[in-house]
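Chain and residue survey
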Amino acid sequence: MTASCTRLAARSPTPGLLEAVADKLLSGRGIWPAVPAIIALTVVAVIPFIILLSLGFSQIEMERGTIVSQSFTLDYLINALSDPLYWTTFQRSMTLALTTTVLCLVLGYPVAYLYLIGGRWTRRAILILTIAPLLTSGIVRTYAWLVILGGRGVVNTALMQMGLIDRPLRIVNTHVAVLIGMVQIHLPVMILPLIALMARQDRRLEEASYNLGASRLGTLWHVILPMSAPAIGTGTALVFTLSYTTFVVPQLLGGGNYLNAATMIYEQVVYSLEWSKGSVSALILMASCLVVLTLIAMATSRITRWTKGRDA
Amino acid sequence: MKPPRNPALTDRLGIGAMLALAVLSLVILVAPSIIVLMISFDTRAFVSFPPQGFTFDWYRQVFAQDVLVEAMMNSLQVGMAVTILCVLLGVPTALVCVRGRFPGTTALSVYVLVPHMVPGIVLGVAVLFAGALVGIGPSMGLQAISITVFVLAVMVRTVQSRLQRLDASLDEAAANLGATPFQALRTITFPLLMPAIMAGAVFTFIEGFDNISVAIFTHGFRDRPLPIELLAMVQSVNTPLVAAVSGVQILLAILALVAVSFSIGLDGVND
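Residues numbered from 1 in each chain as written. Chains lettered and ligands numbered in written order. Predicted model: local features only at pLDDT ≥ 70, side-chain atom pairs only at ≥ 80, totals over all residues. Heavy atoms only, no water.

This part is about the overall build of chain A. Scanning chain A for helices and strands turns up 15 helices and two strands. Across the 312 residues that make up chain A, the buried fraction comes to 49%. Within chain A, contacts between residues separated by at least 24 positions form 68% of all contacts whose residues are at least 6 apart in sequence. Taken as a whole, chain A presents about 15400 Å² of accessible surface, with 67% of it coming from carbon and sulfur. (Helix = DSSP H or I, 4+ residues; strand = E, 2+ residues; numbered from the N terminus. Buried < 20%, exposed > 50% of the residue type's maximum accessible area, 1.4 Å probe, protein only. Contact = heavy atoms within 4.5 Å. Areas by Shrake-Rupley, 256 points an atom, 1.4 Å probe, with all protein chains shown as cover.)

Turning next to the pattern of salt bridges. Residue and element names in this part refer to chain A. Under the counting rule described, the total for this entry stands at five salt bridges over all chains. Of the charged contacts in the structure, one is a salt bridge between E274 and K277, with a shortest N-O distance of 3.7 Å. Taking the relative accessible area as the measure of exposure, K277 reaches 35% and is therefore partly exposed. (Salt bridge = Lys/Arg side-chain N within 4 Å of Asp/Glu carboxyl O.)

Turning next to the interface of chain A and chain B. Taken residue by residue, the interface counts 96 residues in chain A and 92 residues in chain B. Approximately 8500 Å² of surface area, both sides summed, lies buried where chain A meets chain B, with 80% of it carried by carbon and sulfur atoms. At the junction of chain A and chain B, the tally comes to one salt bridge. With a shortest N-O distance of 3.5 Å, D11 of chain B and R216 of chain A are connected by a salt bridge. Seen at the junction of chain A and chain B, the total is five residue pairs in polar contact (both at pLDDT 80 or more). (Buried area = accessible area lost by both parts, 1.4 Å probe. Polar contact = N/O pair within 3.5 Å; in protein donor to acceptor, adjacent residues only side chain to side chain.)

Residue and element names in this part refer to chain B. Mapped onto the elements, E229 comes out in helix α10 (residues 226-236). We classify E229 as buried; its relative accessible area is 14%. Of note is the side chain of E229, whose polar atom sits 3.3 Å from the side chain of R224. Leave out the neighbours within four places in its chain, and E229 touches V67, L68, A71 and R224.

Turning our attention to the packing of helix α14 (residues 261-271) of chain A against helix α5 (residues 120-133) of chain B. It is the contact of α14 of chain A with α5 of chain B, at a shortest axis distance of 11 Å, that shows an interaxial angle of 10°. As summarised for this structure, α14 of chain A and α5 of chain B are arranged roughly parallel, according to the angle between their axes. For the pair α14 of chain A and α5 of chain B, the contacting residues are A262, I265 and V269 of chain A in the first and I121, V125, L128 and F129 of chain B in the second. Of the residues assigned to the contact of α14 of chain A with α5 of chain B, the class counts are seven nonpolar, no polar and no charged. (Axes fitted to C-alpha atoms, helices over the stretch in contact; angles between N-to-C directions. Parallel < 35°, antiparallel > 145°, perpendicular 65-115°, else oblique. Nonpolar A, V, L, I, M, F, W, Y, C, P; charged D, E, K, R; others polar.)

This paragraph deals with helix α12 (residues 229-244) of chain A. With 16 residues, α12 of chain A should cover 22 Å at 1.5 Å per step; its first-to-last C-alpha distance of 22 Å lies within 8% of that length. Of the residues making up α12 of chain A, those classed as buried are A229, A231, I232, G233, G235, T236, V239, F240, T241, S243 and Y244 of chain A. (Expected span 1.5 Å × (residues − 1).)

This part is about helix α11 (residues 216-227) of chain A. Helix length check: α11 of chain A, at twelve residues, gives a terminal C-alpha distance of 15 Å against a target of 16 Å (1.5 Å per residue), a fit within 8%. G218, T219, L220, V223, I224 and P226 of chain A are the residues of α11 of chain A that are buried.

Moving on, we come to the side chain of S146 of chain B. Among the structural elements, S146 of chain B can be located in helix α6 (residues 140-165). Taking relative accessible area as the criterion, S146 of chain B reaches 0% and is therefore assigned buried.

Our focus in this paragraph is the packing of aromatic side chains. What the rule picks out here adds up to twelve aromatic pairs over all chains. Joined through ring pairs, the aromatic side chains of F247, Y266 and Y271 of chain A together with F217 of chain B make up one cluster. (Phe/Tyr/Trp six-rings, centres within 6.5 Å; stacked < 30°, edge-to-face > 60°.)

What follows concerns a nonpolar patch on the surface. Among the surface-exposed residues, M73, L76, M80, I84 and L88 of chain B lie close enough to one another that they form a single nonpolar patch of about 480 Å² accessible area. Secondary-structure assignment places L76 of chain B in helix α3 (residues 66-99). (Patch = residues over 30% accessible without salt bridge, like charges linked within 9 Å, V, L, I, M, F, W, Y side chains within 5 Å.)

Turning our attention to the state of the cysteines. As enumerated under the stated definition, the model contains zero disulfides over all chains in all. C86 of chain B takes part in no disulfide bond, and the closest cysteine sulfur, belonging to C97 of chain B, lies 14 Å away. (Disulfide = S-S within 2.5 Å.)

Residue and element names in this part refer to chain A. Position of F90 among the secondary structure elements: in helix α5 (residues 84-117). F90 gets classed as buried once you look at its relative accessible area, which sits at 9%. Between the C-alpha atoms of F90 and N260, which are 170 residues apart in sequence, the distance is 6.7 Å. Not counting residues up to four positions away in its chain, the partners in contact with F90 are Y244, A261, M264, S281, I284, L285 and S288.

Function cannot be inferred from these measures alone, as they are strictly geometric.
Shown next, in the form of structure tokens:
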């Protein structure tokens, strides 16, 4: 400590004590500058997670707001797992999230391809159209679908003017409406990692493919698609996590009665104040989410290794 | 780059389908916002498409309703608090992650990611319960600090990736010219990091302003933020008023977009 202080003093002609301390603390060589962040993360995230875990697995007796006794129990987990409502709810969330992820990939990948082959202005337009929705509130974007799909909305007006239907179709409050909203909300999250990869892509590989006589479709299938495996992995993981745990779209486009995992947890925690039940639901949500994310990560690394191995 | 001169029919069809899908996706991305903007100027008192007439009345009403103005102010405050906290906590952490000379810098960058990897509602529930156990109820402060922890990773990652691409020899040069580490940091590194910090600030502000998943469990019941207020309003009000509030938010998003493109350039978002 003293040695380093003298070294600092030697370097700067008139070192104020404050500056010497700042040098020591802020140089970024030691861990000190990160300590406030570590404390915040520990106190506001990690410890609460541990508490959540312990709440889900303990029998708590409370008297006048203070905990009297606490003992380990698996009751809440067993109750949850033997409750058919849990299974249907989580299954609904899972199906919705997986469908959303696949549709986002199907709609998002072509945009990334257009970005790859597009010129400067096409690329810029795609970037703006992708980033702008991310900066807009999810509620605003979901509300737009109420307007589009609603009784007097865009779709119904158009269909009625074309004479295809007499009365407005009921689209809002159906599974389809929720799915449409989900895909649109999460599409930018799929596209961003894909175009980030496309921007780094070495285009000489494509050229080589064309020179060897491959068609555009062949090049896309044999060269571009295999190379985008890591980005597809990132995109699907992000979209899955967000759509599996979302709250807004099912609430707004599914009407009040579309129960997915997130809305169920909200009801347990905020309306019925069932803490242990809510904790267990949150833990199941997190655990099942992690399982799918692990599968995605494993598949991605398998495919990446396979394409690399094939090239070698 | 030269694609083959006379592509086969399947090739044309396949690529055509790809490009058609791409255009469809881009329309899906942008159309909803445009439709909401159109509706917000409708003169009728119910939501219907196509809109008729043109009026700023709904926007006037937005700012005449105390509940909405208050909610906007609340969200602005939370957004600014989150941004400031993320800068204060995140920038030094990014510095340590990249320049730290101790074992465990990698562990540190992973640790920062933990809250971000967890679904927002799980973090929200956890913070609500933990707070209640030590007697801290939901409030604007709790909301701000939870969202900060949730999005800190965004700030750290943005600054970190910029820092990794900075030439380390710039710092060495400063040291050789007699600058203390603090002086080097203040006069060399910080100005170079500014664009990344700005971009991180925009994204963390938006998250603080718009976040629902964490906020719905941690916000103060008397200080409802705008998204929560809006969520209730969308379900109960069927006038273009909601569209006008959305219009205000879209304007905010456009400002944010301009801010991002001035700070790191649009292409920088990818890093």
